[in-house]
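If you want the building blocks of each chain, they are given just below.
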Amino acid sequence: MTDFHDIQKIFPHEQDWTALQENTLIELVRDYQSEPSCANSALVELAIRNHPQTTELSEHILDDEQADEWLKASALGSLLTKDFKRALDKSLGFIDHCDHRLLCELVEAMNYEFQGELKDYAANHATTQKLKQRLRAGADKDVDYCELFYEYVGAE
């Protein structure tokens, strides 16, 4: 049995994620269907280490319709942090049908970027308009910081 299988077997018992080798973390993420929460912890550790495969792994999870929604939210968060522009492009493919957790991740990231150097890019991206439409259609009832998002993009 490989290292990553051993980790999955004992999960959620305490694991020192910082002590794991990168290849073990990558395998845990790639095998996300077996233990999504374990994969989530591994993905977070890879993101903290700024590992170059974080983007690819995050996109793969986001592309899988069967992936755990909590894991998808974490993958989107990692992608938004690592490559905001790429994350917005990726979001175009699921913004119309994603769940509450992904909407919250997007709104929070947009609000953050509206205060920074990517504000013009964010304001003019097609994802922003689609997100605004989705929220106005009733998906904003429990989305945190929605009012702040409307302040940046307009409430109409």
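Now for a description of the structure that goes with this document. (Residues numbered from 1 in each chain as written. Predicted model: local features only at pLDDT ≥ 70, side-chain atom pairs only at ≥ 80, totals over all residues. Heavy atoms only, no water.)

**Thoughts on the overall build of the protein**
In step 1: A tally of regular secondary structure across the protein gives 10 helices and zero strands.
In step 2: Along the protein, helices and strands appear, N-terminal first, in the series α-α-α-α-α-α-α-α-α-α.
In step 3: Going through the 156 residues of the protein one by one, you find that 47% of them count as buried.
In step 4: When contacts within the protein are restricted to residue pairs at least 6 apart in sequence, long-range pairs at least 24 apart make up 61% of them.
In step 5: Of the roughly 8500 Å² of accessible surface on the protein, 46% is carried by carbon and sulfur atoms. (Helix = DSSP H or I, 4+ residues; strand = E, 2+ residues; numbered from the N terminus. Buried < 20%, exposed > 50% of the residue type's maximum accessible area, 1.4 Å probe, protein only. Contact = heavy atoms within 4.5 Å. Areas by Shrake-Rupley, 256 points an atom, 1.4 Å probe, with all protein chains shown as cover.)

**Re the side chain of Lys 72**
In step 1: Residue position: Lys 72 is located in helix H5 (residues 69-82).
In step 2: For the buried Lys 72, no salt bridge exists, and the shortest N-O distance to an oppositely charged side chain is 4.2 Å, to Glu 69.
In step 3: In terms of polar contacts, Lys 72 uses its side chain to reach the backbone carbonyl oxygen of Asp 64, at 3.1 Å.
In step 4: Leaving out residues up to four positions away in the same chain, Lys 72 has contacts with Ile 61, Leu 62, Asp 64, Glu 65, Ala 67 and Leu 102. (Lys, Arg positive; Asp, Glu negative; His and termini not counted. Salt bridge = Lys/Arg side-chain N within 4 Å of Asp/Glu carboxyl O. Polar contact = N/O pair within 3.5 Å; in protein donor to acceptor, adjacent residues only side chain to side chain.)

**A closer look at the nonpolar core**
In step 1: Formed by 44 residues in total, the largest nonpolar core has its most connected members in Ile 61, Leu 106, Met 110, Leu 131, Leu 135 and Phe 149.
In step 2: The leading source of residues in this core is helix H7 (residues 100-113), at seven residues.
In step 3: Residues in contact with Leu 106, not counting those within four places in the same chain, are Leu 76, Leu 80, Leu 88, Ser 91, Phe 94, Ile 95 and Leu 131. (Core = buried A, V, L, I, M, F, W, Y, C linked by side-chain atoms within 4.5 Å.)

**Brief notes about the pattern of salt bridges**
In step 1: Here the structure, examined in full by the defined rule, presents six salt bridges.
In step 2: A salt bridge links Asp 99 to Arg 101; the nearest nitrogen and oxygen atoms lie 3.1 Å apart.
In step 3: By relative accessible area, which is 18% here, Asp 99 ends up buried.
In step 4: Relative accessible area serves as the criterion here: at 25%, Arg 101 is assigned to the partly exposed category.

**Some remarks on the packing of helix H4 (residues 54-63) against H5**
In step 1: At their nearest, the axes of H4 and H5 sit 9 Å apart, and the two run at 140 degrees to each other. Taken together, H4 and H5 sit at an angle that is classed as oblique. Here H4 and H5 pass one another in a crossing that is left-handed. Contact with H4, carried on its side by Thr 54, Thr 55, Ser 58, Glu 59, Ile 61 and Leu 62, involves Leu 71, Lys 72, Ala 75, Leu 76, Ser 78, Leu 79 and Lys 82 of H5 and no other residues of that element.
In step 2: Within the contact of H4 with H5, the residues separate by chemical class into six nonpolar, four polar and three charged. (Axes fitted to C-alpha atoms, helices over the stretch in contact; angles between N-to-C directions. Parallel < 35°, antiparallel > 145°, perpendicular 65-115°, else oblique. Left-handed = near helix turned anticlockwise from the far one by under 90°. Nonpolar A, V, L, I, M, F, W, Y, C, P; charged D, E, K, R; others polar.)

**Some remarks on unusual backbone geometry**
Across the chain, the bulk of peptide bonds are trans and the bulk of non-glycine residues have phi less than zero.
In step 1: At Asn 50, a residue that is not glycine, the phi angle is positive and equals roughly 60 degrees.
In step 2: Turning to its location among the elements, Asn 50 is positioned in the loop between helix H3 (36-48) and H4.
In step 3: A positive phi angle, close to 65 degrees, is found at Tyr 145, a residue other than glycine.
In step 4: Residue placement: Tyr 145 occurs in the loop between helix H9 (126-139) and helix H10 (146-153).

**A closer look at the packing of aromatic side chains**
In step 1: A full pass over the atoms with the stated rule returns three aromatic pairs.
In step 2: Arranged with centres 6.2 Å apart and planes meeting at 45 degrees, the rings of Phe 114 and Phe 149 form a pair that is tilted. With a gap of 35 residues between them, Phe 114 in the loop between H7 and helix H8 (119-124) and Phe 149 in helix H10 connect regions that are remote in the sequence.
In step 3: The class for Phe 114 is buried, based on a relative accessible area of 7%.
In step 4: Through a chain of ring-to-ring contacts, the aromatic side chains of Phe 114, Phe 149, Tyr 150 and Tyr 152 assemble into a single cluster. (Phe/Tyr/Trp six-rings, centres within 6.5 Å; stacked < 30°, edge-to-face > 60°.)

Scope: geometric values only; no functional claims are made or implied.
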